[in-house]
Amino acid sequence: MTLRVLLQLLILLLLTGVLGACEKAEQGKQQQRNKKQQLVTTTQVVRGAQQQQIERSGNLRVRRIIHVHNLEEGQVKEIPWYEGDAVSQGEMLVRLDDELLLTAQRKAAAQLDEAEKNLLRLERLIKTNAISEDALIAARTEVAVTKADIDELAVRLQRTRIHADFDGLITERLVEPGDFAEKNRHLLTVIDPLSLVIEVTLSQLLLPSVNKGDAVEVQIDALGQQWHPAKIIRIHPTIDPLTGQGTVEVGFDELPSGIKSGQRATLRLAITSDEILLIPYSALQQNRERNWVYLN
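Residues numbered from 1 in each chain as written. Predicted model: local features only at pLDDT ≥ 70, side-chain atom pairs only at ≥ 80, totals over all residues. Heavy atoms only, no water.

K.L.:
Provide a residue-level description of unusual backbone geometry, including the pertinent values.
P.N.:
Despite not being glycine, Asn184 shows a phi value in the positive range, around 65 degrees. For Asn184, a relative accessible area of 49% puts it in the partly exposed group. (Buried < 20%, exposed > 50% of the residue type's maximum accessible area, 1.4 Å probe, protein only.)

K.L.:
Requested: an account of the sheet that holds strand E8 (residues 180–181), with residues and values cited.
P.N.:
Taken in spatial order, the 4 strands make up an open sheet running E6-E5-E3-E8, and their pairing is antiparallel. Looking at strand neighbours, the two that pair on one side only are strand E6 (161–163) and E8, the edges of this open sheet. Direction of pairing for strand E5 (residues 92–96) relative to E6: antiparallel, over a ladder of 3 bridges. Looking at the pairing, Val94 lines up with Ile162 of E6. (Pairing = 2+ DSSP bridges. Helix = DSSP H or I, 4+ residues; strand = E, 2+ residues; numbered from the N terminus.)

K.L.:
Kindly report on the packing of helix H2 (residues 99–126) against helix H3 (residues 133–158), identifying the contributing residues and their values.
P.N.:
One can describe the packing of H2 onto H3 by two numbers: an axis separation of 9 Å at closest approach and a directional angle of 160 degrees. Regarding the angle of H2 to H3, the classification is roughly antiparallel. Note on packing geometry: the crossing formed by H2 with H3 is left-handed. In the contact of H2 with H3, the residues fall into 18 nonpolar, 4 polar and 7 charged. (Axes fitted to C-alpha atoms, helices over the stretch in contact; angles between N-to-C directions. Parallel < 35°, antiparallel > 145°, perpendicular 65-115°, else oblique. Left-handed = near helix turned anticlockwise from the far one by under 90°. Nonpolar A, V, L, I, M, F, W, Y, C, P; charged D, E, K, R; others polar.)

K.L.:
Which residues make up the sheet that holds strand E9 (residues 186–191), and what are the values?
P.N.:
Strand order in the open sheet formed by 4 strands is E2-E9-E7-E4, and the pairing between neighbours is antiparallel. What marks the edges here is a single partner per strand, and that holds for strand E2 (65–69) and strand E4 (86–87). Summarising the sheet, strand E7 (residues 168–173) and E9 pair through 4 bridges and their orientation is antiparallel. Across the sheet, Ile170 pairs through a bridge with Val190, a residue of E9.

K.L.:
Outline H3, listing residues and values.
P.N.:
One turn of an α-helix holds 3.6 residues; hence residues three or four places apart share an orientation. Over its 26 residues, H3 extends 38 Å from the first C-alpha to the last, a length consistent with the 38 Å expected when each residue adds 1.5 Å. Along H3, the residues that are buried comprise Leu136, Ala139, Val143, Thr146, Ile150, Leu153 and Leu157. Tucked inside the fold, the buried residues of H3 contact H2 and E6. (Expected span 1.5 Å × (residues − 1). Contact = heavy atoms within 4.5 Å.)

Laid out in structure tokens, this is it:
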């Protein structure tokens, strides 16, 4: 092959490479133009409130609980209730022996009768100056004191019959008939089942977003997966300075069947935040390092 032919082939190869490079460059520019001309959808940033659901756990407890004590000592004569029994307001819970008080009441009644008769006699005598004014005053005082003694005995007799202050359930029976109950002994415990509440804690940052009366849902572990309607009935006014948590109480308008104090429960409530800037989730761009949006 001659030198001339070799030069011609070299020139041909150079021209082919240059043309290929130019073609690739033109294709790259075209792709850039296509990208710039790509259609996109824009959306407007709006202000709105964001709602989130949170769950908290707590235990059921009764707020209204009465430890029944006797204000009068005596032998227990009757206590017909056991743990789990329902009692109605006004029903007798405990009856104590009252024989000594009844005897004292009869004695005081006889003394009052005698004192009143003596006072009538002295009032007749005072008209004839047969007695002193001091004697008449002493007789009147004796009548008044005896009446007060009778009133006191009546109160003490009432205390030998202890009655229920409200409709409730017996949770403790601590004495039996025949036991001697010294004064102020714990005899029974009665709870008001309608006062069952759940106490949970919320961050002080969330507390401004909840209000008394807000509807919530409660799931009680022992009663299965069902969610029961409830509401916030009380928000405690203090915050724990160590945890930054406040206490919220939740109650029921209608108690679920089978509910008991001490059961574990889960509370679910929706919290609406203050107005913030909102965008569609589809407008959010993400990678492993960050999230971002394109601004127009």
